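Now for the letters of each chain:
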Amino acid sequence: MSFQSLSFAEIASRLYEIRRLERGLLVEFLEALGEMEERRGFLEMGFPSLFSFCTGYLGLSNAAAFRRTTAARMLRDRPEVREYLADGRLSLTTLVLLRDVMDEPGVLDRAAAKNEDQVKLLVASLRPRPDVPPLFRRLPATRTESPPDATSLPAPRDPAASAEATPPAAGASGPERPRARLEPLSEDRRLLRVTVDADFAEKLARVAALLSHRLEAGRLEQVLRACVETTLEVLEKRQRGVGRAPTKPPRTDSRYVPKAVRREVWGRDGARCTFTAGGQRCPATHRLQLHHLHPYGLGGSTTADNLTLRCQGHNLMAARHDYGAEVVGRRHEAVPRPDGGRGWYYPAATDG
Ligand SMILES: [Zn+2]
C-alpha cells in the first residue's frame, strides 16, 4: 500500500487502525504462548523452556522473550488483563512492570493509560526499595579503543535487567554505550546510574573538594545537587531573561530579545511550545525557541505580543512556511546565538 497520496489525517487514522490490530494480535500471541506453556509444547518442539522456544524458534530477542513469556503467564493467571491490553490501557511493557505488584487491589486501573516512567513510579511507591549507596567504579577496559559497551558490564541478574539495559532498537549493531538511567526506588527517591569519562570524574572530584567546607564528606548526591542547582540558576536566568528589571525601555526593532520580554513570554507561555493543532497543544518543553508570529525578516517586531515559544520542530515548520523551504534548508549551518539568547543563529539566513 502506498501512503504517498494520502493526507496526514488519513495516514494518522490508518496508523490508529494498525495500532488497534496490533494490540489484538499481541493478545492472541500471548494466549497462544500461554497454551504452549500450559501443555509444555516447547518440550516436544525441542526446547527446554518457553523462553528458549521464544528465542530459538520464534527468533525473539532475550528482552522480547522475557516480556512475552512473563505477560503470557500474567494473562493466564489474571484473565482480566486481556481487556487492558486489547484496548491499550496497558502496553506489554507497562503490564510486565506490574509483575510483582499484581496482588495490590486495583493495580490495573491505577496503571491504566500511564506511560512506562509513571508505572515504574507506581511500582516503586507500592514496593519501595532502600537507597543504594553511591558507587564510583572503573568499568572493565575493553579490548578495542571503542567506548565501553553494554557487554563490558557485569552480566545482569535476570532477563528483566537486561530488558531495561538493552535499547529496543531491533537489528542495531556495533557497540552501544550503556544508557544513563534514572529509576524510581520509592515515591520520592531515585536511583541515578550513568557512565562518565575520566575528565568528568576529575572535574567532579574538584567540585567536591571546593564544596567540602560546607557539605558532608563523601556525599556524592549533595555534590551533584549543588552542580545541578547552580547550572539551573545560571541557565534559567539566561534563557528566561530572569534577572534585574531593565533600566531603559527595550528596543523592538532589533533581533535581540531583551531580558524583560523573554521573561514575559516564558511566563505567559508556561515554558512550553505553543503550537496547537485540532485542540492538541505540542507538549515539548525542551529546546524551546522564541518564534516571531509576524516574521522578523518581514518587519515583525520583537515584542512580547509578537513572540511565542516554539520547539525546534515547530519553529522550523513555521520558518519553512514564512520564508520557504530553500532558505530554511540551510539551517544545518546553524550555530548558537552570539548574543547568548535562546535557539540558534543562522549566519546566512534569516529566521522567524
Ligand atoms: Zn512544538
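Every value quoted in this text rests on a predicted model; they were computed, and no experiment measured them.

### Examining the packing of helix α10 (residues 198–211) against helix α11 (residues 220–240)
In step 1: Taken N-terminus to C-terminus, the directions of α10 and α11 make an angle of 95°; their axes are 10 Å apart at the nearest point. For the element pair α10 / α11, the angle class is roughly perpendicular. Taking contact as the criterion, the partners of Leu-204, Val-207, Ala-208 and Leu-211 in α10 are, on α11, Leu-220, Val-223, Leu-224, Ala-226 and Cys-227.
In step 2: Here the residues of the contact of α10 with α11 are counted per class, giving nine nonpolar, no polar and no charged.

### Some remarks on helix α1 (residues 8–38)
In step 1: Between its first and last C-alpha atoms α1 spans 45 Å; for 31 residues at 1.5 Å apiece the expected length is 45 Å, and the two agree.
In step 2: Of the positions making up α1, those classed as buried are Leu-26, Val-27, Leu-30, Leu-33, Gly-34 and Glu-37.
In step 3: Looking at the packing, one finds that the buried side of α1 touches α2 (41–44), α3 (50–56), α4 (62–77), α5 (81–86) and α6 (92–97).
In step 4: Looking at the residues trailing α1, positive phi occurs at Arg-40, about 50°.

### What about the pairing of strand β6 (residues 307–310)?
In step 1: Of the two faces of β6, both are covered, the one formed by Leu-307 and Leu-309 as well as the one formed by Thr-308 and Arg-310.
In step 2: Two elements, strand β5 (residues 289–292) and β6, share four bridges in a ladder whose sense is antiparallel. For Leu-290, the partnering residue across the bridge sits in β6 and is Leu-309.

### Looking at the side chain of Glu-37
In step 1: Mapped onto the secondary structure, Glu-37 falls in helix α1.
In step 2: Every residue in contact with Glu-37, bar those within four places of it in the chain, is listed here: Phe-42, Leu-50, Arg-73 and Arg-76.

### With respect to the confidence of the model for the protein chain
Close inspection of predicted coordinates is inappropriate in any region flagged by low pLDDT.
In step 1: Scored by pLDDT, the protein chain has a mean of 81; 77% of the residues are at 70 or more.
In step 2: Ignoring residues within four places in sequence, the model shows residues 143–174, a span with pLDDT below 50, making 33 contacts including any to other chains.
In step 3: Confidence drops under pLDDT 50 across residues 346–352; counting only partners more than four residues distant or on other chains, this segment forms 24 contacts.

### A few points about the nonpolar core
In step 1: With 34 residues, the main nonpolar core has Leu-30, Leu-85, Leu-90 and Leu-98 as its most contacted residues.
In step 2: Listed by contribution, the elements that provide at least two residues to this core are α1, α3, α4, α5, α6, α7 (107–111) and α8 (116–126).
In step 3: In terms of residues, this core owes the most to one element, α4, which gives six residues.
In step 4: Among all residues touching Leu-90, those that are not within four sequence positions of it are Tyr-84, Leu-85, Leu-95, Leu-98, Leu-108, Ala-111 and Ala-112.
In step 5: Residues Val-261, Cys-273, Cys-282 and Cys-311 belong to the second largest nonpolar core, which totals 13 residues.

### Here's the deal with the coordination of the zinc ion
In step 1: Coordination of the zinc ion by the protein is provided by Cys-273 (SG), Cys-282 (SG), Cys-311 (SG) and His-314 (ND1), with metal-donor distances spanning 2.1 to 2.4 Å.
In step 2: Here the zinc ion binds four donor atoms, and the angle range of 100 to 120° at the metal identifies the geometry as tetrahedral.
In step 3: All donors of the zinc ion come from a single chain, and their spacing in sequence reads C-x8-C-x28-C-x2-H. Residue Cys-282 is found in the loop between β4 (280–281) and β5, and its partner His-314 is found in helix α13 (residues 312–323); the two are separated by 32 residues along the sequence.
In step 4: A relative accessible area of 17% means that His-314 is categorised as buried.

What counts and what doesn't
- Residues numbered from 1 in each chain as written.
- Predicted model: local features only at pLDDT ≥ 70, side-chain atom pairs only at ≥ 80, totals over all residues.
- Heavy atoms only, no water.
- Axes fitted to C-alpha atoms, helices over the stretch in contact; angles between N-to-C directions.
- Helix = DSSP H or I, 4+ residues; strand = E, 2+ residues; numbered from the N terminus.
- Parallel < 35°, antiparallel > 145°, perpendicular 65-115°, else oblique.
- Contact = heavy atoms within 4.5 Å.
- Nonpolar A, V, L, I, M, F, W, Y, C, P; charged D, E, K, R; others polar.
- Expected span 1.5 Å × (residues − 1).
- Buried < 20%, exposed > 50% of the residue type's maximum accessible area, 1.4 Å probe, protein only.
- Pairing = 2+ DSSP bridges.
- pLDDT = per-residue confidence, 0-100.
- Core = buried A, V, L, I, M, F, W, Y, C linked by side-chain atoms within 4.5 Å.
- Donors = N, O, S within 2.8 Å, 3.2 Å for Na, K, Ca; no water.
- Tetrahedral: all angles 85-135°; square planar, octahedral: opposite > 155°, others 65-115°.

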